[in-house]
Amino acid sequence: MIDRRLRVLQAIARHGTVTAAAEVCRLTPSAVSHQMQALARELDVALLEPIGRNVRLTPAARTLLEHGETLSAQWESARAALAAHRAGAVGGTLRFAAFSSAAAVVVPRALDHLRREHPALRARLRESEPARSFDLLAADEADLAVVVATPSIPPASDAAFEQQVLFDEPLDVLVGPGHRLLGRDGVALSDLSADPWICSNPGRAYHQLVTLACASAGFAPDIAHFADEWDTGAALVARGFGVALVPRLADLPGHHDTRRLPITTDPVPTRRVIAAVRAGSQEQPVIAAGLAALRHVTSTDLPALENSEQLAAGPVAAGRTSSGAWGRKRP
């Protein structure tokens, strides 16, 4: 019901260029330009003005975006109100987007909860980086996103979305079997300032997370290797090529001989995990059910978040980090 061209204009505003907006909206740059020209003619105002090879939004475009956000939120609220007139169980399709750890640990448990509580509801999961998840929400290709709060996502003040905190997840240090910190009573992140580091490639949420955590501890990490997969990173750590930060819920492959050490001295690095939906959509029955399922899982089914003492005593004392020692569902 909302003119798709408004979503394209929102994408230009969010990403800054026609090319980036075209990629997000799955259009060609020429199609984006054509749509913006047609919309400008219909409204009889200029929406974009060229700045070198790029464009910038005109004051009229920003006014249109303000009204567009209000219209979008009202439309989502109308869909929620209309759902109250439908009889029967909560049904339909709920589309999740989630970053890797949440897609592996949190969302599947929420899907299991939804299957039990709302058997008529069909849930779909797409793994995606946090910034991309917001693009999927904005394009109405996802209904509910589980993301890490990083500088790359829209701020909480962005009127296009509703965001709520699910949980704060500690980050642990992953070291090899001969690392000098093994056996220490307490570990500070600054203790690793001279170590080589293993991190994901620049631009990914995990890379931002690691560099910001190290900056808070007073140093810039010497990144020796870039690895986007836990299997690669754990293999390098196990052979002494560096150290890494790993989220408490991240499931590492058990065939690599690594040790997970909780950080016990401030600043303790954490990552904030949030749920996001389009503004006005949170009362729609399927989305409300999804949010309730996520809250249920994060409040009752993630014991590893509170398990740092057992983590320190268990895998390290055992001499090996097994994937079954943390982040698994309780029997």
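Residues numbered from 1 in each chain as written. Predicted model: local features only at pLDDT ≥ 70, side-chain atom pairs only at ≥ 80, totals over all residues. Heavy atoms only, no water.

Remarks on the overall build of the protein chain
Working step 1: Secondary structure assignment for the protein chain yields eleven helices and eleven strands.
Working step 2: Judged by the C-alpha coordinates and their principal axes, the protein chain covers about 70 × 55 × 30 Å.
Working step 3: With 331 residues in all, the protein chain has 48% of them scored as buried.
Working step 4: Across the protein chain, contacts joining residues at least 24 apart in sequence account for 74% of those joining residues at least 6 apart.
Working step 5: When the accessible surface of the protein chain is summed, it comes to about 15700 Å², and 52% of that surface belongs to carbon and sulfur atoms.
Working step 6: Taken as two groups, the 34 positive and 35 negative side-chain charges of the protein chain have centres that lie 5 Å from each other. (Helix = DSSP H or I, 4+ residues; strand = E, 2+ residues; numbered from the N terminus. Buried < 20%, exposed > 50% of the residue type's maximum accessible area, 1.4 Å probe, protein only. Contact = heavy atoms within 4.5 Å. Areas by Shrake-Rupley, 256 points an atom, 1.4 Å probe, with all protein chains shown as cover. Lys, Arg positive; Asp, Glu negative; His and termini not counted. Charge placed at Lys NZ, Arg CZ, Asp CG, Glu CD.)

Quick look at the layout of surface pockets
Working step 1: Estimated volume of the largest pocket: approximately 500 Å³.
Working step 2: Forming the boundary of the largest pocket are 28 residues, of which Ser100, Arg204, Tyr206, Asp228 and Trp230 lie nearest the centre.
Working step 3: Going through the elements one at a time, α5 (100–117), β7 (196–199), α7 (205–216), α8 (230–238) and β9 (244–247) are the ones with two or more residues in the lining of the largest pocket.
Working step 4: Looking at side-chain class alone, the lining of the largest pocket contains 15 nonpolar, five polar and eight charged residues. (1 Å grid on protein atoms, 1.4 Å probe; cavity = no way out; pocket = protein on both sides within 12 Å on 5 of 7 lines; lining within 4 Å. Points joined across faces, edges and corners; volume = space filled by probe spheres on them. Nonpolar A, V, L, I, M, F, W, Y, C, P; charged D, E, K, R; others polar.)

Some thoughts on the pattern of salt bridges
Working step 1: Tallying each qualifying case throughout the model produces 23 salt bridges.
Working step 2: Across the salt bridge formed by glutamate 141 and arginine 26, the nearest N and O atoms sit 3.4 Å from each other. Of this pair, glutamate 141 sits in the loop between α6 (130–138) and β5 (144–148) while arginine 26 sits in the loop between α2 (18–25) and α3 (29–43), and the two are 115 residues apart along the sequence.
Working step 3: Beyond isolated ion pairs, a larger network of salt bridges with shared partners links Glu76, Arg95, Asp140, Asp143 and Arg278. (Salt bridge = Lys/Arg side-chain N within 4 Å of Asp/Glu carboxyl O.)

A look at empty space enclosed by the protein
Working step 1: The full count for this structure, using the stated rule, is two cavities of 30 Å³ or more.
Working step 2: Estimated volume of the largest cavity: approximately 140 Å³.
Working step 3: Lining the largest cavity are 15 residues; nearest its centre among them are Arg7, Gln10, Ser72, Ala160 and Arg278.
Working step 4: Counting residues per element, the ones that place at least two in the lining of the largest cavity are α1 (4–15), α4 (59–83) and α6.
Working step 5: The element that contributes the greatest number of residues to the lining of the largest cavity is α4, accounting for five residues.
Working step 6: Taken together, the elements giving at least two residues each to the lining of the second largest cavity come down to α1, α2 and α6.
Working step 7: Looking at which element gives the most residues to the lining of the second largest cavity, the answer is α1, with five residues.
Working step 8: Residue composition of the lining of the second largest cavity, by class: five nonpolar, one polar and four charged.

Topic: the environment of aspartate 266
Working step 1: Residue placement: aspartate 266 occurs in the loop between β10 (259–262) and β11 (270–278).
Working step 2: Measuring from C-alpha to C-alpha, the distance between aspartate 266 and valine 187 comes to 9.5 Å, with 79 residues separating the pair along the chain.

Focus on unusual backbone geometry
Working step 1: Residue proline 267 is reached from aspartate 266 by a cis peptide bond, and omega for that bond is 0°.
Working step 2: Considering the arrangement of structural elements, one finds proline 267 in the loop between β10 and β11.
Working step 3: The backbone of aspartate 140 shows a phi angle near 60°, a positive value even though the residue is not glycine.
Working step 4: Locating aspartate 140 in the fold gives a position in the loop between α6 and β5.

Points about α4
An α-helix turns once every 3.6 residues. As a result, residues three or four positions apart point the same way.
Working step 1: End to end, α4 covers 37 Å across 25 residues, agreeing with the expected 36 Å (1.5 Å per residue, within 8%).
Working step 2: Buried within α4 we find Ala61, Leu64, Leu65, Gly68, Ser72, Ala73, Glu76, Ala80 and Ala83.
Working step 3: Buried residues in α4 make contact with α1, α3, β2 (54–57), β11 and α9 (285–300). (Expected span 1.5 Å × (residues − 1).)

Some words on the pairing of strand β3 (residues 92–98)
Working step 1: Sheet topology note: the β3/strand β4 (residues 121–127) ladder contains seven bridges and is parallel. Its bridge partner being in β4, threonine 93 is matched across the sheet by arginine 122.
Working step 2: Considered for its hand, the β-α-β crossover made up of β3, α5 and β4 is right-handed.
Working step 3: When β3 meets β5, the two strands line up parallel, connected through three bridges. Each bridged residue has a counterpart across the sheet, and for alanine 98 the counterpart in β5 is valine 146. (Pairing = 2+ DSSP bridges. Right-handed = clockwise from strand over helix to strand, strands pointing away.)

Notes on the packing of aromatic side chains
Working step 1: According to the stated counting rule, one finds three aromatic pairs in the structure shown.
Working step 2: Seen in terms of ring centroids, tryptophan 197 and phenylalanine 219 are 6.2 Å apart; in terms of plane orientation they differ by 40°. Their pairing is tilted. Of the two residues, tryptophan 197 sits in strand β7 while phenylalanine 219 sits in the loop between α7 and β8 (222–226), which places them 22 residues apart along the sequence. Phenylalanine 219 matches tryptophan 197 in its accessibility class, with the two residues each being buried. (Phe/Tyr/Trp six-rings, centres within 6.5 Å; stacked < 30°, edge-to-face > 60°.)

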